[in-house]
Amino acid sequence: MCGICGTYISSRIVKTNFIDSSQLILDLERALVNFNLISINFITNKINFYKSDINFLNYFYNSKERANINKIIVLLKQIQRKNPIYLNKINDLIFNLEIELKNRYLFVKKNLPLKYYNNEKYVIFLKVFNSLINSINYLEMRGRDSLGLCLQIKFKNENLKLNTNKNFFLHKYNRSVLLTFIFKTFNQIGILGQNTENIVNQFFQNKELIKILNQNYETVSVFFHTRWASVGKINKSNTHPISNILQNINNLASSHTAVNGDVYNYKSYIEKKQYKLSYLNNDCTTDSLSLSYAIGDLDRKNFKNKNLQKINFLKGSYCSCTLSDNFDGNILLIKNGQQGLYLGKSEDRYYFSSDVYGLLEESNSFLKIIDDCFLFLPMDSRNSVNFFDIKTNKKIKNNNTKFAKFEINLRDIYLSKYKHFFEKEIEETPNILQKTNYNFLSFDNDNLFSNKEILKLIKKINNNKINKIIITGMGTCYTAAVSIANYMRHIIVSKSNLDIIVQPHMASEGSGFYKNKNMNDHLVIVLGQSGTTVDTNTYAKIAKDRGAYTISFLNKRQGDLSYLVDLNLYIGDGRDVELSVPSTKTYLAHVALGYIFTLLIVNNKDNFQFIQNEKSKLLQIPSNLSKFISNLKKYNFEELFKIFCINPKWFIIYDDSNLSVTNAEIKIKLSELCYHTIPTFNLNNFINLNIRDSIIIFNTSDKFINLQGKINNLLSKNNYIVLVSNDLSFNLIEDK
């Protein structure tokens, strides 16, 4: 899983939609007296214009404008207190000004040399550069073992002065010159933001590049790529972008491609190309090199005619972005299959990103790119977007090119007061559960849901038109699916007369083995986190295409999965995005929503008291969890941490109690956090193996009296046991 984002920076600065902040202050003061005099949409549209270049320039150079923004923030907070119904919307606006705008200002101010202070073009470059850095940091949740940056700068020949032509690609054609700079960093183990910090340092240390960017260029084309390696080792050569050649060769056109996803038939093609042409890049060992080779073969005629037939033979599921010397500074975007790819639109330019959150920095609206197409990203936001069929090269007619408004905000993924995202997700778990309960458990009557579509589905289930329920996902979503399936199966059998098969399936296995030609009697519940996992989305699409009714349990609005299913049910408010992998709050909220959905299936007069009891338990979970988290903070885990660091032999064991399924979730969490798969054993089998001197993690709902002998057996072999239990008889950790 990877992430890409990019855009253009033009020498032209759009002068429209200039905001008079003094007038906006007067409007907000009127709204403070009577909010009916001004709409929240009016305020939102005005403040969104502060993302534009012209308004940022005014903010950057004008201290009075910065003071006015501070007044606007104060007024928004006052309006919010008087109109709590708009709490979230106004919080988003405050965040846009108080956090986003100010941080952008500070970045530009910090990195703008005094001698270039009055160069508005360079100020705008730094502003956009900062927004892309932030965007790729958000996308690191999909993988972060390496990061690459590609910049291509277009000049008229007479406007460029160079001291050297080393360390970058240079290509001349007609009266124009293209300069392409590549920056890379890689590190298998690290923290979020570390890679971008390395790239930014490389960028600003390149004094020649800084001088070039302060000359009279026409456009700068730029993209970032963050990678989670699937093919090839983690090293500089395999860090994207992947180039077809490694140095300037007699004005030969260079091509630089970043890829999300997989190319299947790459090996033989790469071998043939390298055998014929010795000057090609042969250091790279990833499948993405095949795309860079193939796109590198496209000439200016192919670009002009929008003809990509030379790459049609490459099969796979991927999206890519490319800068080639033959494309005159234009960015080629390809989407082959279901990999996520989106366009964003601002007042000044188009952006692209593999996830909607990668567009929020500066875009005001977005468009999901359709499958199996390619396009050249327009350089001017006033121009329309044209899509071409990747197989036929024909322009796709009547496609939906209407840009939609965002239902999310960068506030959703802001680290805030926390040191790490993992800490943030743990602390926010009670809140997402509380919001999930609030959304789906009615406090005014006995109905669990009021959604008409859900009630239709429940009626269909109770009329025996659904014979099989499949709950699916990948990773932590799959372990949540197992928990839900166990509960749902038990409740349907014990509290109804329905004859329904309930099965959890890993989505990757579902696509291969758990699909029928006709799935009209199937309900497929798809659990997703970001909504971008290809295996999950592929199974959802297959099931729906074969007639199944599909529902998603999602924590993020406007993700890829949300466009594939019949109905989306959001945990929390659909904006409780989890950047830390593996998921924590999402896992528990998925399980809670699965339990709620199960109760709806058996909701009738005979089960009234049972449902009330279960409902009461669900409503108590957030407060109980808050107390538990608070109690955990009292313990000093430093000694335990040292033991884990010294001893690499970790095992997770499980028994046959109700909590055994959670040990699979513990395995995923520890495995992803340490980049190693941790072995899992049944308790009895583990004892028979006579394993010694190891760390054992064990979560159980069984009683001390039943496990005492087995625990003592393990301890006698010098094993260190981390046991999670609600039976105080174990007394392994003193209760406080």
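Attention here is on the structure that accompanies the text. (Residues numbered from 1 in each chain as written. Predicted model: local features only at pLDDT ≥ 70, side-chain atom pairs only at ≥ 80, totals over all residues. Heavy atoms only, no water.)

1. Concerning the sheet that holds strand β12 (residues 365-368)
Cut-off, in case you're wondering: Two strands are said to pair when DSSP picks up at least two bridges between them. To qualify as a helix, a DSSP run of H or I must reach at least 4 residues; to qualify as a strand, a run of E must reach at least 2; elements of each kind are numbered from the N terminus. Every residue pair with non-hydrogen atoms within 4.5 Å of one another is taken to be in contact. Each axis is a line fitted through C-alpha atoms, taken for helices only over the stretch in contact, and angles between the N-to-C directions span 0 to 180 degrees.
The strand order across the open sheet formed by 9 strands is β3-β4-β2-β5-β1-β11-β10-β12-β15, and the pairing between neighbours is antiparallel. The open sheet has two edge strands, β3 (169-173) and β15 (404-405), and neither has a second partner. The pairing of strand β10 (residues 342-345) with strand β11 (residues 350-353) spans 4 bridges and is antiparallel. Paired with Tyr 342 across the two strands is Ser 353, which belongs to β11. Contacts from helix α6 (residues 120-139) reach β1 (3-10), β2 (146-156), β5 (219-227) and β11, with the element oriented near 170 degrees to β1. In the packing of helix α7 (residues 194-205) onto the sheet, the strands contacted are β2, β4 (176-186) and β5, and the crossing angle to β4 comes to about 140 degrees.

2. A short note on the packing of helix α3 (residues 53-61) against helix α5 (residues 87-111)
Put simply, the rule is: In what follows, roughly perpendicular refers to angles from 65 to 115 degrees, roughly parallel to angles under 35, roughly antiparallel to angles over 145, and oblique to any angle outside these ranges. A crossing counts as left-handed when the near helix is turned anticlockwise from the far one by less than a right angle, and as right-handed when that turn is clockwise. Here the nonpolar group is Ala, Val, Leu, Ile, Met, Phe, Trp, Tyr, Cys and Pro; Asp, Glu, Lys and Arg are the charged ones; every other residue, Gly included, is treated as polar.
Where α3 contacts α5, the axes come no closer than 11 Å and their chain directions differ by 65 degrees. The angle between α3 and α5 places the two elements in the roughly perpendicular class. Our pair here, α3 against α5, has a crossing hand that is right-handed. The segment α3 lies against α5, with Phe 56, Tyr 59 and Phe 60 engaging Leu 101, Lys 102, Arg 104, Tyr 105, Val 108 and Lys 109. Looking at the contact of α3 with α5 residue by residue, the classes come out as 6 nonpolar, no polar and 3 charged.

3. Notes on the side chain of Gln 339
Relative to the elements of secondary structure, Gln 339 occurs in the loop between β9 (331-336) and β10. When near neighbours in sequence (up to four residues on either side) are disregarded, Gln 339 contacts Asn 260, Gly 261, Ser 317, Tyr 318, Cys 319, Val 534 and Asp 560.

4. Some points on the packing of aromatic side chains
The following threshold applies: Two aromatic rings, drawn from Phe, Tyr or Trp (for Trp, its six-membered ring), form a pair once their centres lie within 6.5 Å of each other, and the interplanar angle then sorts them: stacked below 30 degrees, edge-to-face above 60, tilted otherwise.
For the coordinates displayed, the defined rule picks out 33 aromatic pairs. The rings of Phe 107, Tyr 116, Tyr 122, Phe 125, Phe 129, Phe 183, Phe 203, Phe 204 and Phe 224 are connected pair by pair, giving a single aromatic cluster.

5. Side note on the pattern of salt bridges
To keep it simple, the criterion reads: Definition used for salt bridges: Asp or Glu carboxyl oxygen within 4 Å of a side-chain nitrogen of Lys or Arg. When accessible area is computed with a 1.4 Å probe and restricted to protein chains, residues below 20% of their type maximum are described as buried, those above 50% as exposed, and intermediate ones as partly exposed.
Inspection of the entire model under this criterion finds 30 salt bridges. For the salt bridge of Arg 382 with Asp 380, the shortest nitrogen-to-oxygen distance reads 2.7 Å. Assessed through its relative accessible area of 15%, Asp 380 is described here as buried. Through salt bridges with shared partners, a single network forms among Asp 53, Glu 100, Arg 104, Lys 127, Arg 349, Glu 361 and Glu 362.

6. As for α3
When you tally the buried positions in α3, you get 8 out of 9 residues, the bulk of the element. Among all positions in α3, only Asp 53, Ile 54, Asn 55, Phe 56, Leu 57, Asn 58, Tyr 59 and Phe 60 are buried. Where α3 is buried, its residues meet α4 (63-82), α5 and α6.

7. Here we look at the nonpolar core
Defined as follows: As used in this record, nonpolar core signifies buried Ala, Val, Leu, Ile, Met, Phe, Trp, Tyr and Cys residues forming a set joined through side-chain atoms within 4.5 Å.
Grouped together as the largest cluster of nonpolar side chains are 84 residues, with contacts concentrated most on Leu 76, Phe 125, Phe 203 and Phe 224. Counting residues per element, this core draws most heavily on α6, at 12 residues. Setting aside its immediate chain neighbours within four residues, Phe 203 contacts Phe 125, Phe 129, Leu 149, Leu 151, Phe 183, Leu 209, Ile 210 and Leu 213. Ranked by size, the runner-up nonpolar core spans 48 residues in total, among them Phe 440, Ile 461, Ile 492 and Leu 625.

8. Some thoughts on the side chain of Thr 472
What counts is decided by this rule: Definition of a polar contact: a pair of N or O atoms within 3.5 Å, with one able to donate and the other able to accept a hydrogen when the atoms are protein atoms, and with sequence-neighbouring residues admitted only if both atoms are side-chain atoms.
If you trace the backbone, Thr 472 turns up in strand β16 (residues 468-473). The class of Thr 472 is buried, set by a relative accessible area of 0%. One polar contact links the side chain of Thr 472 to the main-chain amide nitrogen of Ala 507, over a distance of 3.3 Å. Discounting residues that sit within four places of it in the chain, Thr 472 has contacts with Ala 481, His 505, Met 506, Ala 507, Val 524, Ile 525, Val 526, Leu 527 and Tyr 539.

9. Let's talk about the pairing of β12
A regular strand carries its side chains on alternate faces of the sheet. Taken together, the 4 bridges between β10 and β12 define a ladder with antiparallel strand orientation. Counterpart to Tyr 342 in the pairing with β12 is Lys 368. The sheet contact formed by β12 and β15 spans 2 bridges and is antiparallel. The partner of Phe 366 across the bridge, within β15, is Ala 404.

10. Focus: the sheet that holds strand β24 (residues 720-724)
Taken in spatial order, the 4 strands make up an open sheet running β22-β21-β23-β24, and their pairing is parallel. Among the strands making up the open sheet, the edge pair consists of β22 (680-682) and β24. Strand-to-strand, the axes of this sheet are offset by a mean angle of 25 degrees, without reference to chain direction. Of the pairings in the sheet, the one linking strand β23 (residues 695-699) to β24 comprises 5 bridges and is parallel in character. By the bridge assignment, Ile 697 is partnered in β24 with Val 722.

11. With respect to unusual backbone geometry
That bond from His 240 to Pro 241 is cis: its omega, 10 degrees, falls within 30 degrees of zero. Among the secondary structure elements, Pro 241 is positioned in the loop between β5 and β6 (242-243). Phi at Asp 372 is positive, roughly 55 degrees, even though this residue is not glycine. Structurally, Asp 372 is set in the loop between β12 and β13 (373-376). Relative accessible area serves as the criterion here: at 30%, Asp 372 is assigned to the partly exposed category. Of note in this structure, Asn 393 is not a glycine but carries a positive phi near 70 degrees. Within the secondary structure, Asn 393 is located in the loop between β14 (388-389) and β15. You can call Asn 393 buried: its relative accessible area is 11%.

12. A look at the pairing of β23
Let me state the cut-off plainly: With its strands directed away from the observer, a crossover is right-handed exactly when the path from the first strand over the helix to the second travels clockwise.
Counting buried positions over the 5 residues of β23 gives 5, a clear majority of the element. Burial of the side chains of β23 extends over both faces: Ile 695, Ile 697 and Asn 699 are buried on one face and Ile 696 and Phe 698 on the other. Sheet analysis places strand β21 (residues 650-654) next to β23, joined by 4 bridges and oriented parallel. Along β23, the bridge assignment pairs Ile 653 with Phe 698. Tracing the backbone out of β23, into helix α22 (residues 704-715) and back to the parallel element β24 gives a crossover that is right-handed.

13. Overview of helix α18 (residues 608-632)
Since there are 3.6 residues in each turn of an α-helix, residues three or four apart along the chain are aligned in direction. Put simply, the test is: Take the number of residues in a helix, subtract one, and multiply by 1.5 Å to get its expected span. Bend at a residue means the angle formed by two fitted axes: the first through the 7 residues ending at that position, the second through the 7 residues beginning there.
An ideal rise of 1.5 Å per residue puts 36 Å on 25 residues; α18 measures up with 36 Å between its terminal C-alpha atoms. Residue Ile 621 marks the point of greatest curvature in α18, where the axis turns by about 35 degrees; the proline Pro 622 follows within four residues. Of all the positions in α18, only Phe 610, Ile 611, Glu 614, Lys 615, Leu 618, Pro 622, Leu 625 and Ile 629 are classed as buried. Looking at the buried side of α18, the elements it contacts are α12 (421-440), α14 (476-495) and α17 (585-601).

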